Amino acid sequence: MIKNILIDIDNTLLDFNESAKQSMEISFNKNGLSFSENVFPTFKKINDGLWLKIERGEMTRADLHDVRWNLIFDSLGIDFDGHILERDFLDNLFNCAVKVSGALEIVKYLAKKYNLYSASNAFYNQQINRLKISGLLPFFKDNFVSEKIGFSKPKKEFFDECFKKMKGAKKEDTIMIGDSLSADVIGGKNYGLDTVWFNREKLNIENSQADFVVNSLSEIKNIL
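The residue numbering used here restarts from 1 in each chain and proceeds along that chain's sequence as written. Where local features are concerned, this predicted model is filtered to residues with pLDDT of at least 70; where side-chain atom pairs are given and counted, the filter is 80 or more; whole-chain, interface and lining totals use all residues. Derived side-chain values reflect all non-hydrogen atoms in the structure, with water molecules and hydrogen atoms excluded from consideration.

**Q** Quick question: what am I supposed to make of the overall build of the protein here?
**A** Each helix corresponds to a stretch of at least 4 residues labelled H or I by DSSP, and each strand to a stretch of at least 2 residues labelled E; elements are numbered beginning at the N terminus. From N to C terminus, the protein includes nine helices and six strands. Every radius of gyration here is taken over C-alpha atoms, with the globule rule written as 2.2 Å times N^0.38, N being the number of residues. Computed over C-alpha atoms, the radius of gyration of the protein comes to 17 Å, within 12% of the 17 Å expected from 2.2 N^0.38 for 224 residues, which places it in the range of a compact globule. Once the C-alpha set of the protein is aligned to its principal axes, its extents read approximately 55 × 35 × 35 Å. For the protein, the proportion of contacts with a sequence separation of at least 24, taken over those separated by at least 6, is 63%. In what follows, residue pairs with any heavy atoms lying within 4.5 Å of each other are defined as contacts.

Quick look at the structure:
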């Protein structure tokens, strides 16, 4: 019987893509840069690749923040200091929290039935502030964020630290919910947890390794 739930934040409960898009558009305007339709797709491709390297232990978050926007600008052919844009982008993202459809309803539902915890690869203060702005924060018993824990999903050590703080929790009564196959599903499965893959983009992947697959947050009610 499930008693504890670990749930991802970005692109599971909070729409990171939309939040990032808004944050970078504000940053571009501040610095007199033209925000074309190619900016966000280029950001997403490069950012996703960098986070995969972090998950594999090939680079750190500090490395990402050092190179991310310079790589994006190089790809777009924009002559501008990426470190300036990175700083402004993070400042704006700190206060941007666009909820995924059904996020508030599902955390209210889950928090009534289970011990609900967030589990995220990001900056601690940023995620707490975004959860607060979105109105989701009160529904969590605790929030596990990689910056504070010292390890990122899918590493075993990330989940070790979660379980140290979830008093009395066992692997067999805990489930991991998230949108990332690598960080949430495979990370959770390798640790011995049941998993729910939030396949929000409806990707055609036959063997996701997840125990359950949902295309909307409301479908989680059919499982838990």
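**Q** In this structure, what is going on with the side chain of glutamate 55? I would like to understand it.
**A** Mapped onto the elements, glutamate 55 comes out in helix 2 (residues 39-55). Think of it in three bands: residues with accessible area under 20% of the maximum for their type are buried, residues over 50% are exposed, and the middle band is partly exposed, with areas taken using a 1.4 Å probe on protein chains only. In this tally Asp and Glu are treated as negative and Lys and Arg as positive; neither His nor the chain ends contributes. For this analysis, a salt bridge means a side-chain nitrogen from Lys or Arg found within 4 Å of a carboxyl oxygen belonging to Asp or Glu. For the buried residue glutamate 55, which engages in no salt bridge, the nearest side chain bearing the opposite charge is arginine 56, 7.0 Å off. Setting aside chain neighbours within four positions, we find glutamate 55 in contact with Asn121, Lys153, Pro154, Ser180, Ser182 and Ala183.

**Q** Explanation requested: the environment of lysine 45 in the structure shown.
**A** With respect to the helices and strands, the residue lysine 45 is situated in helix 2. Looking at lysine 45, the relative accessible area reads 70%, which means it is exposed. Sequence separation between lysine 45 and serine 180 is 135 residues; the distance between their C-alpha atoms is 15 Å.

**Q** Looking at this structure, how should I read the nonpolar core?
**A** Among buried residues, the Ala, Val, Leu, Ile, Met, Phe, Trp, Tyr and Cys ones that are joined through side-chain atoms within 4.5 Å form a nonpolar core. Core analysis: the largest hydrophobic core is formed by 27 residues, its most contacted members being Ile5, Leu13, Leu110 and Leu224. Among the elements of the structure, strand 1 (4-7), helix 5 (103-113), helix 6 (124-134), strand 4 (174-178) and strand 5 (194-198) are those that each provide at least two residues to this core. At four residues, helix 5 tops the list of elements feeding residues into this core. By size, the runner-up hydrophobic cluster in this structure holds 20 residues, among which are Phe16, Val39, Phe40 and Leu85.

**Q** Can you walk me through helix 8 (residues 156-165) in this structure?
**A** Along an α-helix, residues three or four positions apart point the same way, because every turn accommodates 3.6 residues. Looking only at helix 8, the buried set comprises Phe158, Phe159, Cys162 and Phe163. Buried residues of helix 8 fall within an arc of 130° about the axis and therefore sit on the same side. Of the exposed residues in helix 8, those oriented more than 90 degrees away from the buried face are Lys156 and Lys164. Elements that come into contact with the buried residues of helix 8 comprise strand 1, strand 2 (115-120), strand 3 (142-145), helix 7 (146-149), strand 4 and helix 9 (181-191). Note that the arc is computed from the directions linking the helix axis to the C-beta atoms.

**Q** I would appreciate a short explanation of the pattern of salt bridges in the present structure.
**A** Pairing between side chains of opposite charge can happen when their charged atoms approach one another. Applying the stated rule across the entire model yields 12 salt bridges. One salt bridge in this structure joins aspartate 10 and arginine 130, with 2.8 Å as the shortest N-O distance. Separated by 120 residues along the polypeptide, aspartate 10 in the loop between strand 1 and helix 1 (16-30) and arginine 130 in helix 6 bring together distant segments of the chain. With relative accessibility at 15%, the residue aspartate 10 sits in the buried group. Ionic pairing is found between glutamate 58 and arginine 56, a salt bridge with its closest N-O pair at 2.9 Å. Look at arginine 56 and you get exposed, because its relative accessible area is 52%. Counted as one network, the salt bridges with shared partners bring together Asp8, Lys153 and Asp184.

**Q** Sorry if this is basic, but what is going on with unusual backbone geometry here?
**A** What is expected of a backbone is that most residues other than glycine have negative phi and most peptide bonds are trans. Look at the link from lysine 153 to proline 154: it is a cis peptide, with omega at 15°. Following the sequence through the fold, proline 154 ends up in the loop between helix 7 and helix 8. Unusually for a residue other than glycine, asparagine 11 sits at a positive phi of about 65°. Relative to the assigned elements, asparagine 11 resides in the loop between strand 1 and helix 1. Here the phi dihedral of lysine 202 falls at roughly 55°; this positive angle occurs in a residue that is not glycine.

**Q** What should I look at first to understand the packing of helix 1 against helix 2 in this one?
**A** A pair of packed helices is characterised by two quantities: the angle between their axes and the separation of those axes. Orientation of helix 1 relative to helix 2, taken along the N-to-C sense of each, is 120°, at an axis distance of 11 Å. If you check the angle between helix 1 and helix 2, you find them oblique. Considering only the axes of helix 1 and helix 2, their crossing is right-handed. Two secondary-structure elements touch here, helix 1 through Phe16, Asn17, Ala20, Lys21, Met24 and Phe28 and helix 2 through Val39, Phe40, Phe43, Lys44 and Asn47. Residue type decides the class: Asp, Glu, Lys and Arg count as charged, Ala, Val, Leu, Ile, Met, Phe, Trp, Tyr, Cys and Pro as nonpolar, and the leftover types, Gly among them, as polar. Residue composition of the contact of helix 1 with helix 2, grouped by class: seven nonpolar, two polar and two charged. Axis geometry follows a simple rule: fit a line to the C-alpha atoms, using only the stretch in contact for helices, then measure angles between N-to-C directions, giving values from 0 to 180 degrees. An angle below 35 degrees is read as roughly parallel, one above 145 as roughly antiparallel, one from 65 to 115 as roughly perpendicular, and any other as oblique. We call a crossing left-handed when the near helix sits turned anticlockwise from the far one by less than a right angle, and right-handed when that turn is clockwise.

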